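Geometric and topological summary
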Amino acid sequence: MTRTYEEAKAALLESVTSGTPETVTLENAQGRILAQSITARFDIPEAAKCAIDGYTFAFDSIKEYPATLKIIGESRAGGATPPAVGPQEAVFTMTGALVPQGADTAVRIEDVKVEGDTVTIFKAPKKGDLINPKGDEVTKGQEVLAPGTMLDAKTVALLANLGYYQVRVYPKVRVGIVVTGDEVREPWEERESAGVRNSNHYILRGLLAPFAEIRYYGIVQDEPEKMIPLFDAALRENDLLLSSGGASKGKYDFTKTIAEALGLTIHFTHTNIRPGRPLIFGTREGQRFLGLPGYPAALMVNALAFLLPSVRKMAGLNDYENRTLTAIAEEPLRSKTGRIDFVRVRLHSEAGRLYAKSAGSQQTSNFLTLAQSDALAMIDAEHGSAEAGDVVTVWPL
């Protein structure tokens, strides 16, 4: 049951929904995704503030420069309300301090001369210089963060600045990972010439960690009597179960058989991408299963193309699609019509343009070139090979 890239991606995205929001404090908010609209509870600044250490005064009260004004007091950040200024008067006003009533312009302390209780301004400023008016940054009731925004250091700090300490966020996606294959060994296990190392667990964990709570079920041998109960329990315990290996049609490729034995509705078993054509997607009573291929390069391409956008959407992220750039092919990038090829490339810029060239071997079995590449060049099914000079879409890695 083969689906195109677009069909398979749409099927996955349509099947996923976000979990029930929960409330967290700012200490636990970074990396989470907002489930509420954040609006300003007050103007920022709440009153006109001075942008520098200097002197504030009424611009229209000065008719010519140099001008000598009487210093009638000071205003410091967090201090008492400063005295109002009249004509030919000034207040020493510090950074972030309230602008006195009647004042509308400021000059830096290094640009004036102070003698006793007077200050001389030599050069005329512009009216309103170095003053942050009330509500200049944000006005009360204005939306500043939309639902579906991922919170990082700067947006968590913004929440604090807006007076929010508790916010509603979406729960992280519960993702289970099972690695299949008699030949697979963990990195710490004794090396065997016929075996391969379990890198797939680390690919999936690395990609999904920002959005998911990951439960790793270990390596299971290619024996249905062991796989069925493990897969069944893992499906029930997670929002999404992932397996690697056994997704093709070999003698010991049991993933599709296991999925059917567990009563999953199989939506597709293959797509038209390379590397990684085998990909099994099934659902059962709100449970989701994705059977990924075993070759690490094929698994990673599938994870980027299908899995990561789906998990981002499940996590509540608005901007869940992969980000792309355009580059100029520096050399031919080989592909075949009728399939989408993800070519491993290195990128470099020259004269303001981005160029892509092959990172080396494009064999599905070769993961090193993917690990050492900068991006995947996506060659569409209708295009065939991209020739030198062609513009291609690339997915930065």
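One can find the structure itself at the top, above this paragraph.
Residues numbered from 1 in each chain as written. Predicted model: local features only at pLDDT ≥ 70, side-chain atom pairs only at ≥ 80, totals over all residues. Heavy atoms only, no water.

Quick notes on helix α1 (residues 5–15)
An α-helical turn contains 3.6 residues, so any two residues separated by three or four positions project in the same direction. Restricting attention to buried positions, one finds in α1 the residues Tyr 5, Ala 8, Lys 9, Leu 12 and Leu 13. For α1, the angular spread of the buried residues around the axis is 125°, confining them to a single face. (Buried < 20%, exposed > 50% of the residue type's maximum accessible area, 1.4 Å probe, protein only. Helix = DSSP H or I, 4+ residues; strand = E, 2+ residues; numbered from the N terminus. Arc of directions from axis to C-beta.)

Notes on the pattern of salt bridges
Applying the stated criterion across every chain yields a total of 17 salt bridges. Residue Arg 323 pairs with Asp 319 through a salt bridge whose shortest N-O separation is 3.0 Å. In this structure Arg 323 comes out as exposed when scored by relative accessible area, which is 66%. Note that Arg 339 and Asp 341 form a salt bridge whose closest N and O atoms lie 2.6 Å from each other. Ionic contacts of the salt-bridge type, sharing partners, join the residues Asp 232, Arg 236 and Arg 284 into one network. (Salt bridge = Lys/Arg side-chain N within 4 Å of Asp/Glu carboxyl O.)

Describing the sheet that holds strand β5 (residues 54–57)
One open sheet accounts for 6 strands, arranged β8-β5-β7-β6-β10-β9; its pairing is mixed. If you trace the sheet from one side to the other, it starts and ends with β8 (105–108) and β9 (112–115), each paired once. Averaged over all pairs of adjacent strands, the angle between their axes in this sheet comes to 35°, without regard to strand direction. (Pairing = 2+ DSSP bridges. Axes fitted to C-alpha atoms, helices over the stretch in contact; angles between N-to-C directions.)

Observations regarding the sheet that holds strand β22 (residues 287–292)
Strand order across the open sheet formed by 7 strands is β1-β19-β21-β22-β18-β14-β17, with mixed pairing between neighbours. At either margin of the open sheet sits one strand with a lone partner, and together these are β1 (2–3) and β17 (212–220). Sheet topology note: the strand β18 (residues 240–244)/β22 ladder contains 5 bridges and is parallel. Considered in β22, the bridge of Leu 240 is made with Arg 288.

Considering a negative patch on the surface
Negative charge collects at one region of the surface, where Glu 6, Glu 7, Asp 380 and Glu 382 lie side by side. Given a relative accessible area of 48%, Glu 6 falls into the partly exposed group. (Patch = residues over 30% accessible without salt bridge, like charges linked within 9 Å, V, L, I, M, F, W, Y side chains within 5 Å. Areas by Shrake-Rupley, 256 points an atom, 1.4 Å probe, with all protein chains shown as cover. Lys, Arg positive; Asp, Glu negative; His and termini not counted. Charge placed at Lys NZ, Arg CZ, Asp CG, Glu CD.)

Overview of the packing of α1 against helix α6 (residues 296–314)
Running from N to C, α1 and α6 cross one another at 25°; their axes reach a closest spacing of 9 Å. In terms of axis orientation, α1 runs roughly parallel to α6. Considering the relative orientation of α1 and α6, their crossing is right-handed. Residues Tyr 5, Ala 8, Lys 9, Leu 12 and Leu 13 of α1 lie in contact with α6, whose contacting residues are Ala 305, Phe 306, Pro 309, Ser 310 and Lys 313. (Parallel < 35°, antiparallel > 145°, perpendicular 65-115°, else oblique. Left-handed = near helix turned anticlockwise from the far one by under 90°. Contact = heavy atoms within 4.5 Å.)

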